[in-house]
Amino acid sequence: MAKNNGQTPKKDTKKKTGRWKVPVIIVLAIVLVFAGVFYDVYKLGNDNVLFLFVDEEKGNPGTVEVSSVIIFSNLRPKGSSVDIDPLSTNNTLNSLGININNSLMKTSDIKQGTEYAKEISKEQSKIDITRVVVIDSETLKELVNVVGYVPVDFTQQIIILGQERNIVAKGNVTGSMAKQIVQGKAFPIVDPTDIRNVPETSLWRVKSKIIGEISLNMLDLAEYDKQTRRDLSYKILKLYREDKIKVHNKNMTLILIDILPEGFGRIIMDFAVEIIS
């Protein structure tokens, strides 16, 4: 047997070094992911978003009844929505019989349809659109129901056969009312005499304006108390994960919210709520 000669055996320092390196790398990776996500949230909060409101009862995924561009600044809607005529098209797509109204149904998949709608809307609005969001009438109803109702109050001037007509829309819009408006079945906050004999080619302006105002007011989370902001943000998250709110041109954050546990998405939503509160 070899003698120790009273010397203490050397410890393997390499193993110890390896042990602490792994958790440090994991922590750094998590920190980097969250830093990137929080930066992405800020970017998301300054997007120009095209919203396509769909009547799902007219097929799968349905026809686009309302198209509005909303500009966001620091996670809050900025100014009025820019409403796009659902019959808008361009020369290339016109030859294929495609306009925004039927763009989701006249293509092989919804992604291509949203690209067509985005292309047309950019040309019509002169606004560089970052993202496209597709919401059907039932989903809009669910969102409005979270806050109970959304107040709408405006006067819109439209021209019919060379004559000016003022359309007054005023009242609290519930979820069921919002669904009816998207589908064009009723305009409960408009005096029926105001829209009597208004042709469909002009009525879309009234519909788009009302839905645009509902969207602007509903998405202005800073106007709610903290609990309502959280309830609405969690509902948006739930509907997004269920693919009832379809977002095209997703960034890293939206992709992560898709694939990671719901708790991760709630952390992101809470962060967003804190920014605007």
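Scroll up for the structure.
Quick look at the structure, then.

### Structural notes on the overall build of the chain
Right, on to step 1. The secondary structure content of the chain amounts to 9 helices and 7 strands.
Right, on to step 2. Per-residue burial over the chain gives 45% buried out of 277 residues.
Right, on to step 3. Residue pairs in contact within the chain that sit at least 24 positions apart in sequence constitute 62% of those at least 6 positions apart.
Right, on to step 4. Surface exposure of the chain reaches about 15000 Å², of which carbon and sulfur atoms provide 53%.

### Focus on the pairing of strand S6 (residues 163–173)
Right, on to step 1. As paired elements, strand S5 (residues 150–160) and S6 share 11 bridges and run antiparallel to each other. Within the sheet, the bridge partner assigned to Gln 156 lies in S6 and is Ile 167.
Right, on to step 2. What sits between the antiparallel neighbours S5 and S6 is a turn of 2 residues, in which Leu 161 has the positive phi angle 50°.

### Concerning the pattern of salt bridges
Pairing between side chains of opposite charge can happen when the charged atoms of each approach one another.
Right, on to step 1. A full pass over the atoms with the stated rule returns 16 salt bridges.
Right, on to step 2. Between Lys 122 and Asp 128 there is a salt bridge, and its shortest N-O distance comes to 3.5 Å.
Right, on to step 3. According to the relative accessible area criterion, Lys 122 is partly exposed, its value standing at 35%.
Right, on to step 4. Taking the relative accessible area as the measure of exposure, Asp 128 reaches 54% and is therefore exposed.
Right, on to step 5. We note a salt bridge from Lys 179 to Glu 138, for which the minimum N-O separation is 2.7 Å. Here Lys 179, found in helix H5 (residues 175–182), pairs with Glu 138, found in helix H4 (residues 137–147); they are 41 residues apart in sequence, far enough to count as distant.
Right, on to step 6. Take Glu 138: its relative accessible area is 28%, and that puts it in the partly exposed class.
Right, on to step 7. Each of Glu 142, Lys 235, Lys 238, Glu 242 and Lys 244 takes part in one network of salt bridges that share partners.

### Let's talk about the sheet that holds strand S2 (residues 63–73)
Right, on to step 1. Overall, mixed pairing links the 5 strands, which are arranged S3-S2-S1-S4-S7 in an open sheet. A strand with exactly one partner marks an edge of an open sheet, and here the two such strands are strand S3 (76–84) and strand S7 (245–248). Taking each pair of neighbouring strands and ignoring which way they run, the sheet shows an average axis angle of 25°.
Right, on to step 2. Bridge analysis of strand S4 (residues 131–136) against S7 gives 4 bridges, and the strand direction is antiparallel. Considered in S7, the bridge of Val 134 is made with Lys 246.

Conventions we followed
Residues numbered from 1 in each chain as written. Predicted model: local features only at pLDDT ≥ 70, side-chain atom pairs only at ≥ 80, totals over all residues. Heavy atoms only, no water. Helix = DSSP H or I, 4+ residues; strand = E, 2+ residues; numbered from the N terminus. Buried < 20%, exposed > 50% of the residue type's maximum accessible area, 1.4 Å probe, protein only. Contact = heavy atoms within 4.5 Å. Areas by Shrake-Rupley, 256 points an atom, 1.4 Å probe, with all protein chains shown as cover. Pairing = 2+ DSSP bridges. Salt bridge = Lys/Arg side-chain N within 4 Å of Asp/Glu carboxyl O. Axes fitted to C-alpha atoms, helices over the stretch in contact; angles between N-to-C directions.

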